[in-house]
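# Structural overview
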Amino acid sequence: MQPLKIIHSTFVPLSLENIDTDQIIPARFLKATTKQGFGKNLFRDWRYEGNDETRPKKDFILNNPEYNGEILVAGKNFGCGSSREHAAWSLADYGFKVVVSSFFADIFKNNALNNGLLPVQVSEAFLQKIFAQPNGSTVTVDLEKQTITINGTNEAEHFEINPYKRTCLLNGYDDIDYLLSIQPEIEEFETARSN
């Protein structure tokens with residue numbers, strides 16, 4: 001995984017609430033076992049007419065070239081529904097590094113953190129301030145300081161994150177990488193314990 005420290009980007013506003021994992025990546029696309037290639041089917045049923053990717057729906061935000069960036073800003077209760085890890089895979093494969101919402105489903109949140117995608121939970125009031133920004137506005141997410149800032153207004157809010165997962169994201173570690181990074185301490189503990 002790539003380390004995440006500071007993400008400064010325009011954002012894609014998706015102000016719908018209760019976006020479930022079947023909307024994020026429909027079940028019919030869950031046949032692959034690697035993380036690559038899921039981005040093309042992100043929000044597939046909302047992006048295209050029928051099952052035809054040559055017919056994009058003009059009114060869906062991801063089909064509007066004016067909206068882009070590494071940050072998706074979504075309505076409350078993002079990632080609810082089934083526990084498919086593919087939802088995090090598809091968002092990351094599409095190019096998002098951060099998802100901002102006022103509430104995340106727990107399983108989605110853990111899947112995102114395990115796959116290098118940062119879920120930033122903000123207050124509902126702060127979320128609405130982000131949605132109110134004009135197209136092309138930027139936000140900055142500072143994982144070290146655990147802050148998200150609306151750059152146009154300089155308004156900021158602190159967000160919480162599991163300290164272990166924060167360390168992993170800052171260093172680009174998965175769980176095995178983290179264990180390898182503390183191998184000397186583990187060996188020292190085992191040596192002391194065996195004496």
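Here we summarise the structure given alongside this text. (Residues numbered from 1 in each chain as written. Predicted model: local features only at pLDDT ≥ 70, side-chain atom pairs only at ≥ 80, totals over all residues. Heavy atoms only, no water.)

### Brief notes about the overall build of the protein chain
Counting secondary structure elements, the protein chain contains 8 helices and 9 strands. The globule rule puts the C-alpha radius of gyration for 195 residues at 16 Å, and the 18 Å found for the protein chain is close to it. In terms of its C-alpha atoms, the protein chain occupies a principal-axis envelope of roughly 70 × 45 × 25 Å. Burial statistics for the protein chain: of 195 residues in total, 41% are counted as buried. Within the protein chain, residue pairs in contact and separated by at least 24 positions form 62% of the contacts whose partners lie at least 6 positions apart. Charge-centre separation for the protein chain: the mean point of 19 positive side chains lies 5 Å from the mean point of 26 negative side chains. (Helix = DSSP H or I, 4+ residues; strand = E, 2+ residues; numbered from the N terminus. Rg over C-alpha atoms; globule rule 2.2 N^0.38 Å. Buried < 20%, exposed > 50% of the residue type's maximum accessible area, 1.4 Å probe, protein only. Contact = heavy atoms within 4.5 Å. Lys, Arg positive; Asp, Glu negative; His and termini not counted. Charge placed at Lys NZ, Arg CZ, Asp CG, Glu CD.)

### Concerning the pairing of strand S7 (residues 138-142)
Of all 5 residues in S7, 4 are buried, a share of seventy percent or more. With 5 bridges joining them, strand S1 (residues 6-14) and S7 adopt antiparallel strand pairing. Bridge pairing in S7 links Ile6 to Asp142. Pairing of S7 with strand S8 (residues 147-150) involves 4 bridges; the strand directions are antiparallel. Paired with Val141 across the two strands is Ile148, which belongs to S8. Hairpin connection from S7 to S8: 4 residues lie between these consecutive antiparallel strands, with Gln146 at a positive phi of about 60°. (Pairing = 2+ DSSP bridges.)

### With respect to the pattern of salt bridges
Summed over all chains, the structure comprises 6 salt bridges. A salt bridge links Asp22 to Arg84, with the shortest nitrogen-to-oxygen separation between them at 3.0 Å. Highlighted residues: Asp22 in helix H1 (residues 21-24) and Arg84 in the loop between strand S4 (71-74) and helix H3 (86-94), separated in sequence by 62 residues. Looking at Arg84, the relative accessible area reads 15%, which means it is buried. Measuring nitrogen to oxygen at the nearest pair gives 3.4 Å for the salt bridge that ties Asp175 to Lys165. Taken together, the positions of Asp175 in helix H7 (residues 175-181) and Lys165 in helix H6 (residues 163-171) put the pair 10 residues apart, joining distant regions of the chain. Overall, the relative accessible area of 40% leaves Asp175 in the partly exposed class. (Salt bridge = Lys/Arg side-chain N within 4 Å of Asp/Glu carboxyl O.)

### A closer look at the packing of aromatic side chains
Here the distance between the centres and the angle between the planes together describe a pair of aromatic rings. Tallied over the entire structure, the rule returns 9 aromatic pairs. When the centroid spacing of 5.5 Å and the interplanar angle of 0° are considered together, the rings of Phe43 and Trp46 count as stacked. We classify Trp46 as partly exposed; its relative accessible area is 22%. Among the aromatic residues, those joined into a ring-pair cluster are Phe43, Trp46 and Phe60. (Phe/Tyr/Trp six-rings, centres within 6.5 Å; stacked < 30°, edge-to-face > 60°.)

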